[in-house]
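Analysis of the macromolecular model
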Amino acid sequence: MKEKYYSDCIKVLDEVGKVVIGKDDCIRSVMAAVLAEGHILIDDVPGVGKTSLATAFAKAMGLENKRTQFTSDVMPADITGFSMYNAKTDSFEYRPGAAMTNLLLADEINRTSPKTQSALLEVMEEKSVTVDGVTRKVPEPFIVIATQNPEGSIGTQLLPESQLDRFMICISMGYPSLEDEIKIAKNCEKDYENVRMSESVASVIDGEELLNIRKYVKDIFIADEVYDYICRLIRATRGSDYIRLGVSPRGTIALTKLSKAFAFLDDRDYVTPKDVKEAFEKIAPHRIVMSGRASGERISSQMAIKKISNGIKAPGIKKKK
């Protein structure tokens, strides 16, 4: 089954690559986070393809998906659902919210109120919603791909550290290269984006197969030396002069899971330090709080994490016996 699972995941990457041009690293990172049962935050300027990336993944994986455009007037009930009185039955009936789906695209999450963000936080962590004292599980698999505009954009507010910690990875897509932008310009002349996506992206797996692949990824082997490397990287974030608040134990779990997913995408059944280093640079920057010294020396969170990953000696590779 390993060969089939790997082949199907590569097909998903290829399908998404038809729509999101020139962003193979971002596509691979999102795929790894999905396999590792994580949620994804995309932090970037408007118009670089964040929504297209999420929608393409939903279609390629055959998942039911819903999109919520977050604004200041979006209420928690829009996410969790609400109870409505039915005069015919003389009872209250539950009306599902946006979270009752497989893949929730939360667009511009940092434009909504803290109360609504808290409602989404419960869904992300507990995979359930509570309405009028009744807790309901969301469908499996459940994935949140959230987008946010950069800090300082009009109408935005910072996400709390507790919510940022719930996202397995935070990536930035960035502007395309000249060659890729030429391809984008040529494609837009053919037809509108939504038509192009519906015709070009095929569903190559479904939710049930995704759950099976996740089970396989969980069993990927990690040697004790690599576990030690994972924990030394995490602990180094708590002792850096540039970092005031380091990565939490939840980040350690995320790093372990994501390392396995990257190993799987490289067609291996064991984790190498290379997988760990790649995963560390995806899970750590948004989980740390920089110190005053870092601000004074203009050291970004990405630069601090890169410095740590380059400074911690990696162990030798040990394959599964």
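Computed from a predicted model, the values in this text were never measured in an experiment.

**Describing helix α9 (residues 207-218)**
Between its terminal C-alpha atoms α9 stretches 17 Å, which fits the 16 Å expected from twelve residues at 1.5 Å a residue. Along its buried surface, α9 packs onto α1 (2-19), α2 (24-35), β8 (143-148) and α11 (249-265). The backbone nitrogen of glutamate 208 has a side-chain oxygen 3.3 Å away, supplied by the residue at the start of α9, namely aspartate 206.

**Observations regarding the packing of α2 against α11**
In contact at an axis separation of 8 Å, α2 and α11 are set at 120° when each is read in the N-to-C sense. Taken together, α2 and α11 sit at an angle that is classed as oblique. Judged by the twist between their axes, the crossing of α2 over α11 is right-handed. Facing α2, whose interface residues are Arg28, Ser29, Met31, Ala32, Ala33 and Leu35, α11 presents Leu258, Ala261, Phe262, Phe264 and Leu265. When the residues that make up the contact of α2 with α11 are grouped by side-chain class, the tally is nine nonpolar, one polar and one charged.

**As for the environment of lysine 218**
With respect to the helices, strands and loops of the structure, lysine 218 is situated in helix α9. In this structure lysine 218 comes out as partly exposed when scored by relative accessible area, which is 48%. Considered as a pair, lysine 218 and tyrosine 6 are 212 residues apart in the sequence and their alpha carbons are 14 Å apart. Ignoring anything within four residues of it in the chain, the contact list for lysine 218 reads Glu37 and Lys260.

**Quick notes on the packing of aromatic side chains**
With the rule as written, the count across this model stands at four aromatic pairs. Centre to centre, the rings of tyrosine 6 and phenylalanine 264 are 6.2 Å apart; their planes meet at 80°, and the pair counts as edge-to-face. Taken together, the residues tyrosine 6 in helix α1 and phenylalanine 264 in helix α11 connect sequence positions 258 residues apart. Here tyrosine 6 falls in the partly exposed class, since its relative accessible area comes to 22%. By relative accessible area, which is 1% here, phenylalanine 264 ends up buried. Grouped by ring-pair contacts, the aromatic residues Tyr5, Tyr6, Tyr216 and Phe264 constitute a single cluster.

**Concerning the pattern of salt bridges**
Enumeration according to the criterion identifies 23 salt bridges in this entry. With a closest N to O distance of 3.7 Å, aspartate 267 and lysine 2 form a salt bridge. On the criterion of sequence distance, the pair formed by aspartate 267 in the loop between α11 and α12 (273-283) and lysine 2 in helix α1 is long-range, its members being 265 residues apart. In this structure aspartate 267 comes out as partly exposed when scored by relative accessible area, which is 37%. With a shortest N-O distance of 3.1 Å, aspartate 241 and arginine 293 are connected by a salt bridge.

**Details of the environment of alanine 294**
Tracing the backbone shows alanine 294 in helix α13 (residues 292-296). Residue alanine 294 is classed as buried on the basis of its relative accessible area, which comes to 0%. Between the C-alpha atom of alanine 294 and that of isoleucine 243, which follows or precedes it by 51 residues, the distance is 7.4 Å. Those residues in contact with alanine 294, other than ones at most four positions away along the chain, are Tyr242 and Ile299.

**Focus on the sheet that holds strand β1 (residues 40-43)**
In space, the five strands of this open sheet follow the order β2-β5-β8-β1-β9, with parallel pairing throughout. Every interior strand has two partners, whereas the edge strands, β2 (65-69) and β9 (169-171), have only one. Neighbour-to-neighbour, the strand axes of the sheet open up by a mean angle of 15°, direction not taken into account. Where β2 and strand β5 (residues 103-107) come together, five bridges link them in parallel fashion. Bridge assignment links asparagine 65 to a residue of β5, and that residue is leucine 103. Contacts from α2 reach β1, β8 and β9 within the one sheet, and its direction differs from that of β9 by about 165°. The strands touched by helix α3 (residues 50-60) are β1, β2, β5 and β8; relative to β5, the strand with the most contacts, the crossing angle is about 175°.

About the criteria used
- Residues numbered from 1 in each chain as written.
- Predicted model: local features only at pLDDT ≥ 70, side-chain atom pairs only at ≥ 80, totals over all residues.
- Heavy atoms only, no water.
- Helix = DSSP H or I, 4+ residues; strand = E, 2+ residues; numbered from the N terminus.
- Expected span 1.5 Å × (residues − 1).
- Contact = heavy atoms within 4.5 Å.
- Polar contact = N/O pair within 3.5 Å; in protein donor to acceptor, adjacent residues only side chain to side chain.
- Axes fitted to C-alpha atoms, helices over the stretch in contact; angles between N-to-C directions.
- Parallel < 35°, antiparallel > 145°, perpendicular 65-115°, else oblique.
- Left-handed = near helix turned anticlockwise from the far one by under 90°.
- Nonpolar A, V, L, I, M, F, W, Y, C, P; charged D, E, K, R; others polar.
- Buried < 20%, exposed > 50% of the residue type's maximum accessible area, 1.4 Å probe, protein only.
- Phe/Tyr/Trp six-rings, centres within 6.5 Å; stacked < 30°, edge-to-face > 60°.
- Salt bridge = Lys/Arg side-chain N within 4 Å of Asp/Glu carboxyl O.
- Pairing = 2+ DSSP bridges.

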